[in-house]
Amino acid sequence: MTNQTLGLAQHIYEYLLSISLREPEILTQLRQETAQHPMARMQIAPEQGQFLALLVQLIQAKKTLELGVFTGYSALVVALALPNAGKVVACDTSEEFTAIAQPYWQQAGVADKIDLHIAPALETLDQLLRDGEAETFDFAFIDADKSNYDNYYERSLQLVRPGGLIAIDNVLWSGRVADPQIQDNRTKKIRAFNQKLHQDQRITLSLIPIADGLTLARKNRQ
Ligand code: CA
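Here's a quick rundown of the structure. (Residues numbered from 1 in each chain as written. Predicted model: local features only at pLDDT ≥ 70, side-chain atom pairs only at ≥ 80, totals over all residues. Heavy atoms only, no water.)

1. Considerations on the overall build of the protein
Within the protein one finds 8 helices and 7 strands. For the protein, whose C-alpha radius of gyration is 16 Å, the value lies close to the compact-globule estimate of 17 Å for 222 residues. With the C-alpha coordinates of the protein rotated into their principal frame, the extents come out at 45 × 40 × 30 Å. Look at the contacts in the protein between residues 6 or more apart in sequence, and 73% of them connect residues 24 or more apart. Accessible surface for the protein amounts to roughly 10600 Å². Of this, 51% is attributable to carbon and sulfur atoms. Of note, the protein has its 21 positive side-chain charges centred 7 Å away from the centre of its 26 negative side-chain charges. (Helix = DSSP H or I, 4+ residues; strand = E, 2+ residues; numbered from the N terminus. Rg over C-alpha atoms; globule rule 2.2 N^0.38 Å. Contact = heavy atoms within 4.5 Å. Areas by Shrake-Rupley, 256 points an atom, 1.4 Å probe, with all protein chains shown as cover. Lys, Arg positive; Asp, Glu negative; His and termini not counted. Charge placed at Lys NZ, Arg CZ, Asp CG, Glu CD.)

Take a look at the structure:
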């Protein structure tokens, strides 16, 4: 797992940031606080956050889903990109990590846009489906536990509208998916997940080599 774009020489990466990153101060502060955290590598890269914000604006998203909040950077960057009436349904199991997020969401003035559910994400997704919210989301960002990626994807595919977008993080898994010698469970799950999406005719896809690999899957209209 990495929180900067894989495979770029450091000086090129720094140049990329220097001429493209427009990170609001509140996001910089959250990133700096998260950098002190022992699991800081779980945070998305800042250039990736900016890319997610651009995508959300391009598809004119109003209602989004986030699986895996950690310290709240991606929820914050998406919430800032949404219109005033926009909403992020954010799922995480950790009170401890999301407690770091909340003051930043409040300070940024977007706390009321973020509906945080502390529960296993599958439970929240199944509840949303039972509540009749299928095809009401414009965008979903999947970045929670990798062993459940396929379950998160299948439910997200039901919850996003036709033409909506699902973004799935860490699909290159620090390059481990490309090394046939590596056969641990999570690597095998991500590898199988990537192969499944390649064949999945319900979506239009592109795997973007930003950060740790980000697959974009657009739900096709029938
Ligand atoms: Ca991630």
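Next comes the rest of the write-up.
2. Brief notes about the coordination of the calcium ion
Ideal geometry at a metal gives 109.5 degrees between four tetrahedral donors and either 90 or 180 degrees between six octahedral ones. At this site the calcium ion is bound by Asp143 (OD), Asp143 (OD), Asp169 (OD) and Asn170 (OD1), with donor distances of 2.3 to 2.7 Å. Written as a sequence motif, the donor arrangement for the calcium ion is D-x25-D-N. Here Asp143 is found in the loop between β4 (137–142) and α7 (149–159), whereas its partner Asn170 is found in the loop between β5 (160–169) and α8 (185–199), with 27 residues between them in sequence. What makes Asn170 buried here is its relative accessible area of 2%. (Donors = N, O, S within 2.8 Å, 3.2 Å for Na, K, Ca; no water. Buried < 20%, exposed > 50% of the residue type's maximum accessible area, 1.4 Å probe, protein only.)

3. Notes on the packing of helix α2 (residues 25–35) against helix α4 (residues 73–81)
Running from N to C, α2 and α4 point in directions that differ by 175°, and their axes come no closer than 10 Å. Put simply, α2 runs roughly antiparallel to α4. Of the residues in α4, those in contact with Ile26, Leu27, Leu30 and Arg31 of α2 are Tyr73, Leu76, Val77 and Leu80. A class-by-class count of the residues in the contact of α2 with α4 yields 7 nonpolar, no polar and 1 charged. (Axes fitted to C-alpha atoms, helices over the stretch in contact; angles between N-to-C directions. Parallel < 35°, antiparallel > 145°, perpendicular 65-115°, else oblique. Nonpolar A, V, L, I, M, F, W, Y, C, P; charged D, E, K, R; others polar.)

4. Section: the environment of Leu172
Mapping Leu172 onto the fold places it in the loop between β5 and α8. Along the sequence, Leu172 and Ala211 sit 39 residues apart, while their C-alpha atoms lie 9.0 Å from each other. What Leu172 contacts, discounting residues up to four positions off in sequence, is Leu6, Val177, Leu207, Pro209, Asp212 and Gly213.

5. Here we look at the nonpolar core
Across soluble globular proteins, nonpolar side chains have a tendency to be buried as a group. Of all hydrophobic cores here, the largest spans 32 residues; its most connected members are Leu52, Leu76, Val78, Trp105, Ile114 and Phe139. At 7 residues, the largest contribution of residues to this core is made by α4. Those residues in contact with Leu52, other than ones at most four positions away along the chain, are Ile44, Val78, Phe139, Phe141, Ala167 and Leu214. By size, the runner-up hydrophobic cluster in this structure holds 25 residues, among which are Ala144, Tyr149, Tyr152 and Leu197. (Core = buried A, V, L, I, M, F, W, Y, C linked by side-chain atoms within 4.5 Å.)

6. Describing the sheet that holds strand β7 (residues 214–219)
Ordered by their spatial adjacency, 7 strands build an open sheet running β3-β2-β1-β4-β5-β7-β6, and the pairing between neighbours is mixed. Only two strands of the sheet have a single partner each, and these edge strands are β3 (114–118) and β6 (203–208). Looking at each pair of strands side by side, their axes are set apart by 15° on average, direction ignored. The strands touched by helix α3 (residues 46–58) within the sheet are β4, β5, β6 and β7, with β7 carrying the most contacts at an inclination of about 10°. (Pairing = 2+ DSSP bridges.)

7. Some points on helix α6 (residues 121–130)
Listed in full, the buried residues belonging to α6 are Ala121, Leu122, Thr124, Leu125 and Leu128. Axial view of α6: buried residues confined to an arc of 160°, hence all on one face. Counted as exposed and oriented over 90 degrees from the buried face of α6: Glu123 and Arg130. Buried residues along α6 sit against β1 (63–67), β2 (87–92), β3, β4 and α7. Phi turns positive one or two residues past the end of α6, at Gly132, with a value near 80°. (Arc of directions from axis to C-beta.)

8. Structural notes on the pairing of β3
As judged from the 5 bridges shared by β2 and β3, these two strands associate in the parallel manner. When the bridges of β3 are listed, Val88 appears paired with Ile114. Each parallel crossover has a hand, and the one from β2 via helix α5 (residues 95–107) to β3 is right-handed. (Right-handed = clockwise from strand over helix to strand, strands pointing away.)

9. With respect to the packing of aromatic side chains
As enumerated under the stated definition, the model contains 3 aromatic pairs in all. With a centroid separation of 5.0 Å and 80° between ring planes, the pair formed by Phe70 and Phe97 is classed as edge-to-face. Note that Phe70 is positioned in the loop between β1 and α4 and Phe97 in helix α5, a separation of 27 residues in sequence. Note on Phe70: relative accessible area 5%, which makes it buried. On the basis of relative accessibility, which here comes to 12%, the residue Phe97 falls in the buried class. With a centroid separation of 5.6 Å and 70° between ring planes, the pair formed by Tyr149 and Phe193 is classed as edge-to-face. Remark: Phe193 occurs in helix α8 and Tyr149 occurs in helix α7; sequence separation between them is 44 residues. Its relative accessible area of 1% is what places Tyr149 among the buried residues. An aromatic cluster is built from Tyr149, Tyr153 and Phe193, whose rings are joined through pairwise contacts. Its end group placed over the ring of Phe137, Lys63 keeps NZ or CZ at 4.4 Å from the ring centre. (Phe/Tyr/Trp six-rings, centres within 6.5 Å; stacked < 30°, edge-to-face > 60°. Lys NZ or Arg CZ within 6 Å of the ring centre and 35° of its normal.)

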